[in-house]
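Results of the structural survey
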Amino acid sequence: MGALSNKAFVKMNGIGNEIVVVDLRADTPRAAPIAADEARAAASPAGAPYDQLMALYPPRTPGTDAFIRIYNNDGSEAGACGNGMRCVATLVSDANGKSKLVFETGAGILNAWKNDNGQFTIDMGKPRFAWNEIPLAEEFRDTRIIELQIGPIDAPILHSPSVVNMGNPHAIFWVDDPYAYDLGKFGPLLENHPIFPDRANITLAHIVDREHIVMRTWERGAGLTRACGSAACATAVAAARLKRTERKVHMTLPGGELVIEWRTSDDHVLMTGPVAFEFEGRFDPKLFEKAS
Ligand SMILES: N[C@H](CCC[C@H](N)C(=O)O)C(=O)O
């Protein structure tokens, strides 16, 4: 029997990024990682359709509140999910009354804290820029802009993205209007481009001024979403690296607004924004009969 069968879940969203949270911390014996076909079954219409599922496991490192595994709706696992982390932080804080929390994910340990307005800030850690850390399939000495294009060779439709690893791989294409492109068509081509051996999240971004960026994202393993928090972090960092913005910017995504700050003192990226509760439910065991 899989880890999700008959398990309670909370459906939330982080500015429209569809998030399902499952708390497996009290399971005995300790809950197993969620199999890819089980994650896909949970995302089906008879389950709880999501962009990301955040599964909470008992802490692995003393002093942390939970170990978190993040699943995309195609069953793949991700190292980071900014919007999902704000959802988890809100739930855990509501339950234990703490306004400062520490979580561990596949990408490392991260801190979260509640602001006076009730919104959570997530410390997403340090961005990484080396070509083999993104990762890219071939060496680029400068990842602020890399050579990559789609469309006709002499009139490319999208070209010259910035690349950043924010716990997961991101490519950001700078455009005048992120809504003027068929991202549903180009997103999968770029996500699966051979230059990205681990695939990549694909963002189209427009720099409005030195403190404001408009963007939208085709997510690796989840497709078009209304918001991707780690992409907002990656985009803010990439724009600041190009010296086109300040290190603190507000970001407009299809589902809402985030504030991103790339802190000078330690190079960590801080993401702040709202979350919303939608409903609670329980996964029907029948969903997983065909899943392993
Ligand atoms: N929606 C998420 C990102 C999910 C990451 C995922 N699509 C991947 O890297 O595989 C966010 O708010 O950061």
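Naming follows an unreviewed UniProt entry, where the protein appears as Diaminopimelate epimerase of Undibacter mobilis. Quoted verbatim from the Catalytic activity (unreviewed entry) field of the UniProt record, the comment on the protein reads "(2S,6S)-2,6-diaminopimelate = meso-2,6-diaminopimelate".

Attention now goes to the overall build of the protein. Looking only at helices and strands, one finds 4 helices and 19 strands in the protein. Here the C-alpha atoms of the protein give a radius of gyration of 19 Å, agreeing with the 19 Å that 2.2 N^0.38 yields for 292 residues. The C-alpha extent of the protein, read off along each of the three principal axes, is 55 × 45 × 30 Å. The contacts in the protein between residues at least 6 apart in sequence include a share of 62% that link residues at least 24 apart. A total accessible area of about 12,600 Å² is found for the protein, and carbon and sulfur atoms account for 50% of it. Once the 30 positive and 36 negative side-chain charges of the protein are each reduced to a mean point, those two points are 4 Å apart.

Further remarks concern the environment of Phe173. Considering the arrangement of structural elements, one finds Phe173 in strand 12 (residues 169–174). When the C-alpha atoms of Phe173 and Phe279 are compared, they prove to be 35 Å apart, with 106 residues separating the residues in sequence. Ignoring any residue separated from it by four or fewer positions in sequence, one finds Phe173 in contact with Leu148, Leu158, His159, Ser160, Pro161, Leu190, Ile202, Thr203, Leu204 and Ala205.

Bringing the UniProt feature "active site" (unreviewed entry) in the protein into the picture now. As recorded in UniProt, the sites labelled "active site" (unreviewed entry) are Cys81 and Cys228. A maximum C-alpha distance of 7.5 Å is found for the annotated residues, which run over 148 residues; spatially they form one tight group. Residue position: Cys81 is located in the loop between strand 5 (77–78) and helix 2 (82–96). Those residues in contact with Cys81 that lie beyond four places of it in its chain are Asn17, Ile19, Gln52, Met54 and Ile70.

Right, let's talk about the packing of aromatic side chains for a bit. All chains considered together, the criterion is met by 4 aromatic pairs. Considering the side-chain rings of Phe9 and Phe279, the 6.3 Å spacing of their centres and the 80° angle between planes classify their relative orientation as edge-to-face. Here Phe9, found in strand 1 (residues 8–14), pairs with Phe279, found in strand 19 (residues 276–282); they are 270 residues apart in sequence, far enough to count as distant. By relative accessible area, which is 5% here, Phe9 ends up buried. Aromatic side chains Phe9 and Phe283 sit 4.6 Å apart centroid to centroid with 35° between the ring planes, which places their arrangement in the tilted category.

Moving on to the site of the ligand. Around the ligand, the surrounding shell holds 15 residues, and the nearest of these are Asn17, Gly82, Arg220, Gly229 and Ser230. Contacts to the ligand include Glu219, whose side-chain N or O atom sits 2.9 Å from a nitrogen atom. Between Arg220 and the ligand, the recorded distance is 2.7 Å, taken from a side-chain N or O atom to an oxygen atom. Elements with a minimum of two residues in the shell around the ligand: helix 2 and helix 4 (229–241). Residue contributions to the shell around the ligand reach at least three from each of two domains, namely domain 1 (7–119 + 276–288) and domain 2 (131–273).

Turning to the pairing of strand 7 (residues 108–114), a few remarks are in order. As judged from the 6 bridges shared by strand 6 (residues 100–105) and strand 7, these two strands associate in the antiparallel manner. Among the inter-strand pairings, Leu101 is bridged to a residue of strand 7, identified as Ala112. Here strand 6 hands over to strand 7 after 2 residues, the two strands then running antiparallel side by side. As judged from the 3 bridges shared by strand 7 and strand 8 (residues 120–123), these two strands associate in the antiparallel manner. The partner of Trp113 across the bridge, within strand 8, is Thr121. Taken together, strand 7 and the strand that follows it, strand 8, pair antiparallel across an intervening segment of 5 residues, in which Gly118 is found at a positive phi of about 90°.

When cut into domains, the protein gives domain 1 (7–119 + 276–288) and domain 2 (131–273). Computed over C-alpha atoms, the centres of domain 1 and domain 2 are 24 Å apart. Each partner contributes residues to the interface: domain 1 has 21 residues there, and domain 2 has 23 residues. Summing the contributions of domain 1 and of domain 2, the shared interface buries around 1,500 Å²; its carbon and sulfur component is 51%. At the surface where domain 1 touches domain 2, the tally comes to 1 salt bridge. A salt bridge links Asp74 to Arg199; its shortest N-O distance comes to 3.4 Å. Where domain 1 meets domain 2, there are 9 residue pairs in polar contact (both at pLDDT 80 or more).

Procedures and definitions
Residues numbered from 1 in each chain as written. Predicted model: local features only at pLDDT ≥ 70, side-chain atom pairs only at ≥ 80, totals over all residues. Heavy atoms only, no water. UniProt positions renumbered as here; feature names shortened; annotations may be inferred. Helix = DSSP H or I, 4+ residues; strand = E, 2+ residues; numbered from the N terminus. Rg over C-alpha atoms; globule rule 2.2 N^0.38 Å. Contact = heavy atoms within 4.5 Å. Areas by Shrake-Rupley, 256 points an atom, 1.4 Å probe, with all protein chains shown as cover. Lys, Arg positive; Asp, Glu negative; His and termini not counted. Charge placed at Lys NZ, Arg CZ, Asp CG, Glu CD. Phe/Tyr/Trp six-rings, centres within 6.5 Å; stacked < 30°, edge-to-face > 60°. Buried < 20%, exposed > 50% of the residue type's maximum accessible area, 1.4 Å probe, protein only. Near = heavy atom within 4 Å. Polar contact = N/O pair within 3.5 Å; in protein donor to acceptor, adjacent residues only side chain to side chain. Domains from an automatic or database assignment. Pairing = 2+ DSSP bridges. Buried area = accessible area lost by both parts, 1.4 Å probe. Salt bridge = Lys/Arg side-chain N within 4 Å of Asp/Glu carboxyl O.

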